[in-house]
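Letter by letter, the chains look like this.
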Amino acid sequence: LAKLRDVRLGLGLAPGQPVEDLRLAATLALRHGLSEQQVLEALTRIPAELMGVADRVGSLAPGKDADFLVMNGAPLATSAHVQRAYIKGRKAFDAAAPMHAKMMKNDAADAPHGGTVVVRAGTIWLGPDQWLENGEVLIEHGRIRQVGKRVATPPGATVVDAGADAFVTPGMIDAFGHLGLEGDRSTPGPELSFAPL
């Protein structure tokens, strides 16, 4: 795979494969010659570009949808696990929550300041060769407003401190997926819109 270093590459799964296998595919690509940077981009930025939605998802930047993962280690480490997942700034998954409540608690909806959340982590992956150590992400109404060492923390904002060992990375995108239409294995028609509802 090292010969593909100059190819714009998006990783995906064959139809019928469980979405959990996407990180396994990434780990195997890394093991067989792709760089960590290329694998991360093949899961985030490049699939978003290939599907024409990079203005909304695929990287962490002001104005984009606040879709990201908080992990307890480097994203491609086999020992790393997703601690929390956010979709448009709302917590969609929390590994620490009891099993029946994992998909129910919602930081942004519960935030008293109009859905404002600040997430702190030891490492934030911004994009090609851009790592921010000990950084923060400000989310307002489902959009990333600021990313930096220190961001504005409006009064009443929910602050999530993921810890010094945590990584924040854009949500991983299956290059052959349907962007949130999990389980749908049909071929989308030309009328399928990826625009926000």
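Residues numbered from 1 in each chain as written. Predicted model: local features only at pLDDT ≥ 70, side-chain atom pairs only at ≥ 80, totals over all residues. Heavy atoms only, no water.

Draft legend 1. Highlighting the pattern of salt bridges. On inspection of all chains with the given rule, the structure shows nine salt bridges. The partner of Arg145 in a salt bridge is Glu140, and the shortest N-O contact between them spans 3.9 Å. Among the charged side chains, a network of salt bridges with common partners joins Arg8, Glu41, Arg45 and Glu49. (Salt bridge = Lys/Arg side-chain N within 4 Å of Asp/Glu carboxyl O.)

Draft legend 2. Representation of helix α1 (residues 21–31). Every buried residue of α1 is accounted for by Leu22, Ala26, Thr27 and Ala29. On an axial view of α1, the arc spanned by its buried residues comes to 160 degrees, and they lie on one face. The inward-facing, buried residues of α1 contact α2 (36–43). Directly beyond the C-terminal end of α1, a positive phi value near 120 degrees is found at Gly33. (Buried < 20%, exposed > 50% of the residue type's maximum accessible area, 1.4 Å probe, protein only. Helix = DSSP H or I, 4+ residues; strand = E, 2+ residues; numbered from the N terminus. Arc of directions from axis to C-beta. Contact = heavy atoms within 4.5 Å.)

Draft legend 3. Highlighting the pairing of strand β2 (residues 82–87). Pairing of strand β1 (residues 68–71) with β2, which is carried by four bridges, proceeds in the antiparallel orientation. Opposite Met71, over in β2, you have Val82 as the bridge partner. Where β2 meets strand β3 (residues 90–94), four bridges bridge the pair, whose relative direction is antiparallel. By the bridge assignment, Tyr86 is partnered in β3 with Lys91. Hairpin geometry of β2 and β3 is characterised by an intervening segment of two residues between the two adjacent antiparallel strands and by a positive phi of about 50 degrees at Lys88. (Pairing = 2+ DSSP bridges.)

Draft legend 4. Structural detail: the environment of Ala66. Tracing the backbone through its elements, the reader meets Ala66 in the loop between α3 (45–50) and β1. Since its relative accessible area comes to 0%, Ala66 is described here as buried. Taking the C-alpha atoms as reference points, Ala66 and Gly89, 23 residues apart in sequence, are found 4.8 Å from one another. Among all residues touching Ala66, those that are not within four sequence positions of it are Tyr86, Ile87, Lys88, Gly89, Ile139, Gly142, Arg143 and Ile144.

Draft legend 5. Molecular detail of the environment of Gly127. Structurally, Gly127 can be placed in strand β4 (residues 116–127). Exposure remark for Gly127: the relative accessible area of 4% places this residue in the buried category. The spatial distance from the C-alpha of Gly127 to the C-alpha of Leu60 is 7.4 Å, given a sequence separation of 67 residues.

Draft legend 6. Representation of the confidence of the model for the chain within the structure. The pLDDT averaged across the chain works out to 78; a share of 79% of its residues lies at or above 70. Here helix α4 (residues 107–110) stands out as the least confident element of the chain, with mean pLDDT 47; strand β5 (residues 130–140) is the most confident, with 91. Of the regions scoring below 50 in pLDDT, residues 178–182 engages in ten contacts with residues more than four places distant in sequence or in other chains. Across residues 192–197, confidence stays below pLDDT 50; counting only partners more than four residues off in sequence or on other chains, it has nine contacts. (pLDDT = per-residue confidence, 0-100.)

Draft legend 7. Structural detail: a nonpolar patch on the surface. A cluster of nonpolar side chains, namely Leu1, Leu4 and Val7, defines an oily patch on the protein surface of about 220 Å² accessible area. Within the secondary structure layout, Leu1 lies in the segment before α1. Judged by its relative accessible area of 45%, Leu1 is partly exposed. (Patch = residues over 30% accessible without salt bridge, like charges linked within 9 Å, V, L, I, M, F, W, Y side chains within 5 Å. Areas by Shrake-Rupley, 256 points an atom, 1.4 Å probe, with all protein chains shown as cover.)

Draft legend 8. Broad picture of the environment of Ala54. For Ala54, the location among the structural elements is in the loop between α3 and β1. Measuring from C-alpha to C-alpha, the distance between Ala54 and Lys64 comes to 8.7 Å, with ten residues separating the pair along the chain. Excluding residues that lie within four positions of it along the chain, Ala54 makes contacts with Ala48, Glu49 and Lys64.

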